Amino acid sequence: AQSVTQLDSQVPVFEEAPVELRCNYSSSVSVYLFWYVQYPNQGLQLLLKYLSGSTLVKGINGFEAEFNKSQTSFHLRKPSVHISDTAEYFCAVRPILTGGGNKLTFGTGTQLKVEL
Amino acid sequence: GAGVSQSPSNKVTEKGKDVELRCDPISGHTALYWYRQRLGQGLEFLIYFQGNSAPDKSGLPSDRFSAERTGESVSTLTIQRTQQEDSAVYLCASRPTGTYEQYFGPGTRLTVT
């Protein structure tokens, strides 16, 4: 089984400041990792994913994340946030298994609030 | 093109009533998922459909929950004899074959009074 921990339920930050949203996971098997963003009253949208290769992955809207296998982390970062980045961010994992159905295990989410 | 749609967007029901939630996946997407998002919690997997294979129901919390999908089209999630703890946002997602990305609908917010 897998579990995902997002320690920060809320992160306030001023516009144009950098931000890091933390994600740690636990799994007995290798996993793929994902970050999703949920804007108010909308469905989740994939921000970025790590499948293999370079541990630094870039996503949409200037976000990036780094996979650290030894620390079982996949923290999300953006060097300069904008008001429009205000949303809830979810980290998720799924086992690298065929036939696993691509079921995602999600963290509890981090609410990013960007202030002027 | 059109994304995943869900209806109704909001549903308020009395404890003990049955409710039916609908999901229209993106056309051509073979996989369909239902998740539940309780207040302050992450998304919780409920059920997964893949083409004509038997669904993976391992996430359904009780026998009051059931879901159906005809082929690769619409899916309905039914909750019988609703309880207050069923109050949550129910999210549907679909995925095309051979990819990893799930496309989510806007969800149905269910409130059981």
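Everything below is about the structure printed above this text.
What you are looking at is a predicted structure, and each value in this text was computed from that prediction instead of being measured. (Residues numbered from 1 in each chain as written. Chains lettered and ligands numbered in written order. Predicted model: local features only at pLDDT ≥ 70, side-chain atom pairs only at ≥ 80, totals over all residues. Heavy atoms only, no water.)

(A) View of the overall build of chain A. Regarding its fold elements, chain A presents zero helices and 12 strands. Each helix and strand of chain A, ordered N terminal to C terminal, gives the series β-β-β-β-β-β-β-β-β-β-β-β. Compactness check: chain A gives a C-alpha radius of gyration of 14 Å against a globular reference of 13 Å for 116 residues, within 12% of the reference. With respect to the principal axes defined by its C-alpha atoms, chain A has extents near 45 × 30 × 25 Å. Counting the 116 residues in chain A, one finds 45% classified as buried. Nonlocal contacts in chain A, meaning residues at least 24 apart in sequence, comprise 57% of its contacts between residues at least 6 apart. Summed over all atoms, the accessible surface of chain A reaches about 5,700 Å², with 50% contributed by carbon and sulfur. Computed over 9 positive and 9 negative side-chain charges, the separation of the two mean positions in chain A equals 12 Å. (Helix = DSSP H or I, 4+ residues; strand = E, 2+ residues; numbered from the N terminus. Rg over C-alpha atoms; globule rule 2.2 N^0.38 Å. Buried < 20%, exposed > 50% of the residue type's maximum accessible area, 1.4 Å probe, protein only. Contact = heavy atoms within 4.5 Å. Areas by Shrake-Rupley, 256 points an atom, 1.4 Å probe, with all protein chains shown as cover. Lys, Arg positive; Asp, Glu negative; His and termini not counted. Charge placed at Lys NZ, Arg CZ, Asp CG, Glu CD.)

(B) Molecular detail of the interface of chain B and chain A. Contact residues are listed per partner, giving 20 residues for chain B and 19 residues for chain A. Counting each side, the surface lost to burial between chain B and chain A is near 1,500 Å², with a carbon and sulfur contribution of 58%. If you sort the residues of chain B by the area they bury against chain A, Leu43, Tyr100 and Phe104 of chain B come out on top, with a joint share of 39%. Here chain B is connected to chain A by one salt bridge. Aspartate 56 of chain B serves as the salt-bridge partner of lysine 103 of chain A, at 2.8 Å between the closest nitrogen and oxygen. Across the contact surface, chain B and chain A share five residue pairs in polar contact (both at pLDDT 80 or more). Looking at the side of chain B that touches chain A, the elements that each hand over two or more residues are strand E4 (31-37), strand E5 (43-50) and strand E8 (88-95) of chain B. Classifying every residue of the side of chain B that touches chain A gives nine nonpolar, eight polar and three charged. (Buried area = accessible area lost by both parts, 1.4 Å probe. Salt bridge = Lys/Arg side-chain N within 4 Å of Asp/Glu carboxyl O. Polar contact = N/O pair within 3.5 Å; in protein donor to acceptor, adjacent residues only side chain to side chain. Nonpolar A, V, L, I, M, F, W, Y, C, P; charged D, E, K, R; others polar.)

(C) Representation of the state of the cysteines within the structure. Residues and elements named next belong to chain A. Going through the model one piece at a time under the given rule, you end up with two disulfides over all chains. At a sulfur-sulfur separation of 2.0 Å, the disulfide partner of cysteine 23 is cysteine 91. Where cysteine 23 bonds to cysteine 91 through sulfur, the torsion about that S-S bond is close to -65°, and the disulfide is left-handed. Remark: cysteine 91 occurs in strand E10 (residues 87-95) and cysteine 23 occurs in the loop between strand E3 (19-21) and strand E4 (24-27); sequence separation between them is 68 residues. Among the residues examined, cysteine 23 registers a relative accessible area of 0% and is labelled buried. (Disulfide = S-S within 2.5 Å.)

(D) Seen up close, the environment of lysine 78 of chain A. Residue and element names in this part refer to chain A. Here lysine 78 lies in strand E9 (residues 73-78). Sequence separation between lysine 78 and valine 19 is 59 residues; the distance between their C-alpha atoms is 5.5 Å. Lysine 78 has contacts with Ala17, Pro18, Val19, Asn61, Gly62, Phe63 and Asp85, leaving out every residue within four places of it along the chain.

(E) Main features of the sheet that holds strand E7 (residues 75-79) of chain B. All names here are of chain B. Spatially, the four strands line up as an open sheet ordered E1-E3-E7-E6, and their pairing is antiparallel. At either margin of the open sheet sits one strand with a lone partner, and together these are strand E1 (5-7) and strand E6 (65-69). Averaged over all pairs of adjacent strands, the angle between strand axes in this sheet comes to 15°, irrespective of strand direction. (Pairing = 2+ DSSP bridges. Axes fitted to C-alpha atoms, helices over the stretch in contact; angles between N-to-C directions.)

Interpretation note: all reported values are geometric properties and have no functional meaning in isolation.
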